[in-house]
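Descriptive structure summary
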Amino acid sequence: AESTKNGWTVAISIVDDGGNLIAFTRQDHAKLVAIDISMRKAKTAVFFQGPTKGLEEEVTKGGRTSLLPITDFMPLEGGIPIVVDGRVVGAIGVSGMSGAHDAQCASAGLAALGK
């Protein structure tokens, strides 16, 4: 709903606590590469148990390029964990626009799950 409201075309992936895809959607005209990136953002958020924005900063500003070879690692903003009772139970990954816009959509999705 957030992406549609703003006229953004994105792919959205939701994974469980093991990084397994449990839900996915790709809006019409979203770039095909957004499929893979959204899945990787979700997996990265669940595996590292935190937002991918922090990892993006570690790699780009902190120089932690040694993280890059990790399978399915995607250190780009737009992946956020789903936390219930202090435990990571999954994650949402969004791709298709800027990192900030992707994160905005992921946060809106997380808020919708909480309702």
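Here goes a summary of the coordinates provided.

Criteria and cut-off values
- Residues numbered from 1 in each chain as written.
- Predicted model: local features only at pLDDT ≥ 70, side-chain atom pairs only at ≥ 80, totals over all residues.
- Heavy atoms only, no water.
- 1 Å grid on protein atoms, 1.4 Å probe; cavity = no way out; pocket = protein on both sides within 12 Å on 5 of 7 lines; lining within 4 Å.
- Points joined across faces, edges and corners; volume = space filled by probe spheres on them.
- Nonpolar A, V, L, I, M, F, W, Y, C, P; charged D, E, K, R; others polar.
- Helix = DSSP H or I, 4+ residues; strand = E, 2+ residues; numbered from the N terminus.
- Salt bridge = Lys/Arg side-chain N within 4 Å of Asp/Glu carboxyl O.
- Buried < 20%, exposed > 50% of the residue type's maximum accessible area, 1.4 Å probe, protein only.
- Pairing = 2+ DSSP bridges.
- Axes fitted to C-alpha atoms, helices over the stretch in contact; angles between N-to-C directions.
- Patch = residues over 30% accessible without salt bridge, like charges linked within 9 Å, V, L, I, M, F, W, Y side chains within 5 Å.
- Areas by Shrake-Rupley, 256 points an atom, 1.4 Å probe, with all protein chains shown as cover.
- Polar contact = N/O pair within 3.5 Å; in protein donor to acceptor, adjacent residues only side chain to side chain.
- Contact = heavy atoms within 4.5 Å.

This part is about empty space enclosed by the protein. One pass over the structure, following the stated rule, counts 1 cavity of 30 Å³ or more. Lining the largest cavity, in full, are K43, T44, F47, F48, I70, T71, D72 and F73. Here the lining of the largest cavity is composed, by residue class, of 4 nonpolar, 2 polar and 2 charged.

Looking at the largest pocket, its volume works out to about 230 Å³. A1, E2, S3, I12, I14, Q27, I92, C105, A108, G109, A112 and L113 are the residues that line the largest pocket. Residue assignment for the lining of the largest pocket shows that the elements contributing at least two residues are helix 1 (2-6), strand 1 (11-16) and helix 4 (99-113). The element that contributes the greatest number of residues to the lining of the largest pocket is helix 4, accounting for 5 residues.

The next point concerns the pattern of salt bridges. Under the criterion given, the structure shown has 6 salt bridges. As a salt-bridge pair, D17 and R87 come within 3.3 Å of each other at their nearest N and O atoms. Taken together, the residues span a long stretch of sequence, with D17 in the loop between strand 1 and strand 2 (21-26) and R87 in strand 4 (residues 87-95) at a distance of 70 residues. Judged by relative accessible area, D17 falls into the partly exposed class, the value being 43%.

This part takes up the sheet that holds strand 3 (residues 79-84). With antiparallel pairing, 4 strands are arranged side by side in an open sheet as 2-1-4-3. Of all strands in the sheet, those with a lone pairing partner are strand 2 and strand 3, marking the two edges. Within this sheet the neighbouring strands show an average axis-to-axis angle of 15°, counted without direction.

Among the surface-exposed residues, F47, F48 and I70 lie close enough to one another that they form a single nonpolar patch of about 280 Å² accessible area. Of note, I70 is situated in the loop between helix 3 (52-60) and strand 3. For I70, a relative accessible area of 37% gives the class partly exposed.

Before going further, it helps to spend a moment on the side chain of D102. One can find D102 in helix 4. Classification of D102 as buried rests on a relative accessible area of 1%. Side chain to side chain, D102 and K41 meet in a polar contact 2.9 Å long. In this view, D102 contacts V10, K41, E77, G78, V94, S95, G96 and M97; residues no more than four positions away in its chain are not counted.

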